[in-house]
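Summary of the model geometry
These are the residues of each chain, in order.
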Amino acid sequence: MNAVRTPVIFARKDELLEIAEDEEKRKSFLAKMRRPLEYVVNWGVKSSLWMYAFGLACCSIEMMAFGAARWDSDRYGIIARGTPRQSDLMIVGGAVTYQMAPRMKRLYDQMAQPRYVIAMGECAINGGPFWDSYSVVKGTDKVIPVDVVVPGCPANPEALFDGIIKLQEKILKGELAR
Amino acid sequence: MNREVIEAVKAEFGEGIVHAVDRRERRVVLTVRKEILHDLCLFLRDRLGFDHLTSITAVDRSRRVTGMRERQLLYYNDFKMVYHVWSYEKKTLVEVRTVLERDDPVVATVTDVWSSANWQEREAYDLMGIRFDGHKDLRRLLLPEWWEGHPLRKDYDLSPGTWFLPEEEPEEFPLDVQKPVFPLDLSLPKKVKKKEVSEMILRIGPVHPGNHGPWLINVKLDGEIIVDIDPQIGYIHRGLEKIAENRTWTQYLPVSDRYCWLTAASNNLSYVLAVEDVLDVTPPPRAQYLRTIALELNRLASHLLWLAAMGIDLGNLSGFFYPFREREWMLDLLEYMSGNRLNYNYGRFGGVIFDVDDKFVEKAKKTMKIFRPRLEEYRDLFEGSRIWKVRTQGVGVISAKDAKDLGVTGPVLRSTGVKADARKDDPYAAYPEIDFEIPTRKEGDVYASYEVRMDEMRIASEIIDQCLDNLPKGPVQMDLGRIEPVGEGISRIEEPRGEIATYVIGDGGDRPYRVRVKCAEYINVSALAHMARGYKIADLIAIIGGLDPCLGGIDR
Amino acid sequence: MIRRRVHGGLYAEDMERLYHGPLPYLIMLIGAGLTVAILTGTGLALSYVAGLAPEGFWENPWVRGAVGAVLWALVVAVGGLYLTLVERKFMARVQVRYGPNRWGPYGILQPIADAIKLLRKEDIIPEAADPLVMRFAPIIAFAPSFVLFAAVPWTESYVASTMDIGVLFIVAVTALTPIGVLMAGWGPNNKYNLLGAMRFAAQELAYEIPLVLAMIGPIAAAQSLNGVAIVEAQRGTWLGLIPRWNIFPQFLGAIIFFVAFMAETGRIPFDIPDAEGEIVHGFTAEYSGMKFVLLLLIEYVHLIAGAALFVVLFMGGYLGPAPINPFAWFALKLLLVILFMMLIRAVWFRVRIDQIMTLGWKILLPAALFNIGFIGIYLAVTV
């Protein structure tokens, strides 16, 4: 029996180049003058991360708990939007299969910049408990660029908050030039 | 009862029955020739009243490719089909086995006997490559069209080369969606039948807020009215049945939690009970009671999440937050018991993993005491709103006969008036010793299933109270030594959405030879086309919500 | 290391204490007091500033128009922005949670963060879209809902344009919004956008008629279309106790008007143009960045406008007893109506589209016609 020819999906190379160019720009003098403004903008972006809950499996339930009364993601200004166009943060929660991966890539492309991705849970990080499955992509980062990973199976809402705070720190420092 | 079934079948078919075994209470095994399979199924349904097809399993009976300790079981180079059929009247499970040739695995379809066979046969075709003679719509179900090979066959190549992605990016992603096929060719009901029908196909999904998970619903519409539905599933098909063959019996326990994340305790226990069926052991009473508590807490958590999802689907934002508040309490208790919030991994062969202390008993009792009045709060929030009634009453109506034929189980079946619950009919854990009732309704619409679930929540909390009061002392786990079972085992338990059945085969090795799972929502969702036909597109959201799909259980 | 930051580890009985103490009510009382104080202060300050101008300065329609436009722009922009915060906090309280509270005390910087973020957001025009239509749709949809504030009287003197056909002008201008929304449905070439826009237009059309018919009652009572005149007609009390607001004799009309403007706003239970679970935010689905903000603000501007109109027509506008000045009275009544609508949004379900149409055409329209007859008889008897 023939093996499966699985499709390959990578982060676009030009995106990586863009990031590198931005790094260069930041070092210039003018960029330093822009710092305070950048800080304010970064603060705005980090304080209002609207999430696109790309919940696929167990983690989607914890994502619901993350938005529900006990944890209340709204405290941090995080609300769920149903359309990728208006979202800043895609939380991938669950095992991404080869059938789902192209669609995830398309949804990521539909998001307006600046956009961030959190891989939530073991499945989204590297396949997790399904590491030897024939149909699961071994990691979201093989498809779209991932900013923060939140381990756990499933990741608790506390852990997701931890990931969000990490992401916010990164945004505020301007480490993520997207 | 078992003898009656065997005698009736032998009298009718004679030579066709190769072997008939009265295995134990409520379990009969028939080994039959391939030729009489279809007639036997018809006979079972019409004469003996076996009206519910529990599961269809295909087994590849060849030697495994990967080396592991195998002994005791003889290997044949062929396929075996196993049909589990349940009778709501006789309360007996008949297992029908038949053997197919390796080169040309063809068998007559039973879709005309039980409509619920449709998806299961498609799945067997998809994953095992078995063709069904007379099946109208034999497509791949869980894997995409471009997939090569049948993964559940023992000779399927799972070598590391294919696990990791090749380095070059292909020119195009295979994003093309399967062309929807509407094979049943359902005609419109009379009330909406017109002379000119202008049809439109709308694709809902695979990622859509009202879908409860990633699946694609192809809807054929006439204006606003649904004519037919072709759901496309498999977007999170993780190949759990294949994974089982590469793990030891114990290693598969945590994976079994993850069929469906809302009912982890039921899934886990279903697997544990199937293995205990092979091993023929009964866990100590305290473990049985703890299992029951975990199952019922899990049922509460699942139903509360269903209520929350129903609220947000139909636009009530508070309807989402209130049930979630109480759900967190249930999860707290389960976390206290097992150490995890969602995937508890609580059951073990011959018992449970952890014991509970008095503090837990106290906390659980307090929680249940506060919880029951909260149910009235939900009733105020939901039934108190006239819009809720208008949106759900008379929507998604299904008759008891159709529900049985389509294999629907759980609250949806009970909402049509059938009093069927594996906890009573086919008892397991501590349920035989507990006094509880089974709520039913007559209407068969979304509102009726809501009422059934609300009643079930109250009853579940009462069951937990009873268990806590009567919690026996003693050990919670048996020492079974090395787990290397030989033979077949089946378990059939009532998860919050209906009947989950696990069928395991052990060949004496340290890993399962075959594990087959049929979750309730898998079959329930296949009935969507029949339930939603003739209603408006906006009702589809309510009907899907009423079915309470959980894509993990559907795709596995 | 993950620490439990929130109320992790608390069980049912602890949660009981947390949610059912007296503290939330105390905070609410203090908040209400503060709101009254701030509004009264603003009103006094405004009258002081207005009084500094020379005699006859405010009679000039150009000056009134310009100053009114700037003031209303501020109110609508900041109000609309902060209304999102008020709504989030208020609904959070209804839903046993906190709402935004991390950025600034009580989350008061949250709308500013949202605004900065949305300004910074990439503005996508999809390949298959009609770029011109997609670009102009939010502007065309938003502009009329802003213009209608010209005829809404804050107080006797704070009204941007004292036109005699004020109420009619408001209705006429509101009817322009669906054109922009339909463009927003057509432009991006997305099915969900189109569905949402069609639903919005159908709903708007169905409820415009009962809305206008319900307005006839107060107009007839005041015998004028001018906003100020309609408010002045409600001055005084019955038996020295009950204010002569139109809401008491014309209760049916008030209900019809309230339902109709709730439907026009497109909020739960009538939020089918936006229905997230069905058509994924409807006509805003494909918009991002500032264009999306404009489309989102339509909802909030409609909310303010509808509530303002309700207050003027049925709740005696700026009238009220002395210690609180008229400006604050108007704002308070406005806030009350808006909060009531938010409460409804928090606890009700969404109606199906055919049920909405049925309600509009088969129930509200006949009821509104009956109401006119009833008001006619009532006025003939009392006046």
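Residues numbered from 1 in each chain as written. Chains lettered and ligands numbered in written order. Predicted model: local features only at pLDDT ≥ 70, side-chain atom pairs only at ≥ 80, totals over all residues. Heavy atoms only, no water.

**Comments concerning empty space enclosed by the protein**
All names here are of chain C. Following the criterion strictly, the structure yields 10 cavities of 30 Å³ or more and no others. By volume, the largest cavity amounts to about 140 Å³. Taken together, 14 residues line the largest cavity, and the ones lying closest to its centre are Thr174, Leu211, Phe261, Glu264 and Gly306. Among the elements of the structure, helix H6 (166-174), helix H8 (191-222), helix H10 (251-265) and helix H12 (289-314) are those that each provide at least two residues to the lining of the largest cavity. Of the residues in the lining of the largest cavity, the class split is nine nonpolar, four polar and one charged. (1 Å grid on protein atoms, 1.4 Å probe; cavity = no way out; pocket = protein on both sides within 12 Å on 5 of 7 lines; lining within 4 Å. Points joined across faces, edges and corners; volume = space filled by probe spheres on them. Helix = DSSP H or I, 4+ residues; strand = E, 2+ residues; numbered from the N terminus. Nonpolar A, V, L, I, M, F, W, Y, C, P; charged D, E, K, R; others polar.)

**A few points about the side chain of Glu245 of chain B**
With respect to the secondary-structure elements, Glu245 of chain B resides in helix H4 (residues 240-245). Engagement of the side chain of Glu245 of chain B in a polar contact is seen with the side chain of Lys154 of chain B, the distance being 3.2 Å. (Polar contact = N/O pair within 3.5 Å; in protein donor to acceptor, adjacent residues only side chain to side chain.)

**Quick word on the confidence of the model for chain C**
Residues and elements named next belong to chain C. Summary statistics for chain C give a mean pLDDT of 80 and a share of 92% for residues scoring 70 or more. Low confidence marks residues 1-12, where pLDDT is under 50. Its contacts with residues over four positions away, or in another chain, come to 29 contacts. Here the complex is predicted with pTM 0.85, and the ipTM for its interfaces comes to 0.79. (pLDDT = per-residue confidence, 0-100. Contact = heavy atoms within 4.5 Å.)

**Points about the sheet that holds strand E4 (residues 148-150) of chain A**
All names here are of chain A. If you walk across this open sheet you meet the four strands as E1-E2-E3-E4, and the pairing is parallel. Every other strand in the sheet has two partners, leaving strand E1 (51-55) and E4 as the edge strands with one partner each. On average, adjacent strands in this sheet sit at an angle of 20° to one another, irrespective of strand direction. Relative to strand E3 (residues 116-120), strand E2 (residues 89-93) runs parallel, the two being bridged by five bridges. The partner of Met90 across the bridge, within E3, is Val117. Those strands touched by helix H4 (residues 58-67) are E1, E2 and E3, and its axis lies near 145° from that of E1. Packing of helix H5 (residues 101-110) onto the sheet brings it into contact with E1, E2 and E3, and relative to E2 it is tilted by some 165°. (Pairing = 2+ DSSP bridges. Axes fitted to C-alpha atoms, helices over the stretch in contact; angles between N-to-C directions.)

**A word on the packing of H8 of chain C against helix H14 (residues 353-382) of chain C**
All names here are of chain C. Two elements in contact, H8 and H14, have axes separated by 9 Å at closest approach and are oriented at 10°. When the interaxial angle is binned, H8 and H14 end up roughly parallel. Within the contact of H8 with H14, the residues separate by chemical class into 22 nonpolar, three polar and one charged. (Parallel < 35°, antiparallel > 145°, perpendicular 65-115°, else oblique.)

**Digging into helix H3 (residues 35-47) of chain A**
The terminal C-alpha atoms of H3 of chain A lie 18 Å apart, and with 13 residues this matches the ideal 18 Å at 1.5 Å per residue to within 8%. The set of residues buried in H3 of chain A consists of Asn42, Trp43, Gly44, Val45, Lys46 and Ser47 of chain A. Looking at the buried positions of H3 of chain A, the neighbouring elements they touch are E3 and helix H7 (157-172) of chain A together with helix H4 (110-120) of chain C. (Expected span 1.5 Å × (residues − 1). Buried < 20%, exposed > 50% of the residue type's maximum accessible area, 1.4 Å probe, protein only.)

**Looking at the interface of chain C and chain A**
Between chain C and chain A, the contact holds 41 residues from the first and 37 residues from the second. A buried area of about 3,500 Å², summed over both sides, lies between chain C and chain A, and 55% of it is on carbon and sulfur atoms. Its largest share of buried area at the contact with chain A, chain C owes to Trp103, Lys117 and Lys121 of chain C, together 19% of the area lost on that side. Linking chain C to chain A there are six salt bridges. (Buried area = accessible area lost by both parts, 1.4 Å probe. Salt bridge = Lys/Arg side-chain N within 4 Å of Asp/Glu carboxyl O.)

**Quick word on the pattern of salt bridges**
Scanning the entire structure with this criterion turns up 69 salt bridges over all chains. The closest approach of N and O atoms between Asp51 of chain B and Lys404 of chain B, which form a salt bridge, is 3.8 Å. A residue pair is termed long-range when its members are at least 10 positions apart, and Asp51 of chain B in the loop between helix H2 (37-46) and strand E3 (52-60) and Lys404 of chain B in helix H11 (residues 400-405) qualify at 353 residues. Ionic pairing is found between Asp123 of chain C and Lys291 of chain C, a salt bridge with its closest N-O pair at 2.8 Å. A residue pair is termed long-range when its members are at least 10 positions apart, and Asp123 of chain C in the loop between H4 and helix H5 (131-147) and Lys291 of chain C in helix H12 qualify at 168 residues. Owing to a relative accessible area of 40%, Asp123 of chain C belongs among the partly exposed residues under this scheme. Overall, Lys291 of chain C belongs to the buried group, its relative accessible area being 10%. In the salt-bridge network here, residues are joined through shared partners; they are Glu296, Arg299, Arg414, Asp421, Arg423, Glu456 and Glu494 of chain B.

**Concerning the sheet that holds E3 of chain B**
Residues and elements named next belong to chain B. One open sheet accounts for five strands, arranged E1-E2-E5-E4-E3; its pairing is mixed. At either margin of the open sheet sits one strand with a lone partner, and together these are strand E1 (17-24) and E3. In this sheet, adjacent strand axes meet at a mean angle of 15° when their direction is disregarded. Across eight bridges, the pairing between E3 and strand E4 (residues 79-86) is antiparallel.

**Let's talk about the pairing of strand E9 (residues 216-222) of chain B**
Residues and elements named next belong to chain B. Burial of E9 is extensive: seven of the seven residues sit out of reach of the surface. Residues Leu216, Asn218, Lys220 and Asp222 line one face of E9 and the alternating positions Ile217, Val219 and Leu221 line the opposite face, and both faces are buried. Both E9 and strand E10 (residues 225-232) contribute to a ladder of seven bridges, which runs antiparallel. When the bridges of E10 are listed, Leu216 appears paired with Gln232. In textbook terms, the turn of a hairpin is the stretch between consecutive antiparallel strands, and for E9 and E10 this stretch comprises two residues, one of which, Gly223, has a positive phi near 65°.

**Re the packing of aromatic side chains**
For the coordinates displayed, the defined rule picks out 33 aromatic pairs over all chains. Following the ring pairs from residue to residue traces out a cluster consisting of Trp306, Phe382, Trp388, Tyr447 and Tyr450 of chain B together with Phe349 of chain C. The cationic tip of Arg115 of chain A hangs over the ring face of Tyr108 of chain A; the distance from NZ or CZ to the ring centre is 4.3 Å. For Arg556 of chain B, the ring lying beneath its charged end belongs to Tyr522 of chain B, and the centroid distance is 4.6 Å. (Phe/Tyr/Trp six-rings, centres within 6.5 Å; stacked < 30°, edge-to-face > 60°. Lys NZ or Arg CZ within 6 Å of the ring centre and 35° of its normal.)

**Notes on unusual backbone geometry**
With the exception of glycine, most residues fall at negative phi, and the peptide bonds are largely trans. The peptide bond linking Gln113 of chain A to Pro114 of chain A adopts the cis configuration, its omega dihedral lying at 0°. Within the fold, Pro114 of chain A resides in the loop between H5 and E3. Residue Pro154 of chain A follows Cys153 of chain A across a cis peptide bond; omega there is -10°. Its location among the elements puts Pro154 of chain A in the loop between E4 and H7. Its identity is not glycine, yet Asp72 of chain A carries a phi of approximately 55°, on the positive side. Positionally, Asp72 of chain A belongs in the loop between H4 and E2. A positive phi is found at Arg26 of chain B, a non-glycine position, where the angle reads about 70°. Here Arg26 of chain B lies in the loop between E1 and strand E2 (27-32).

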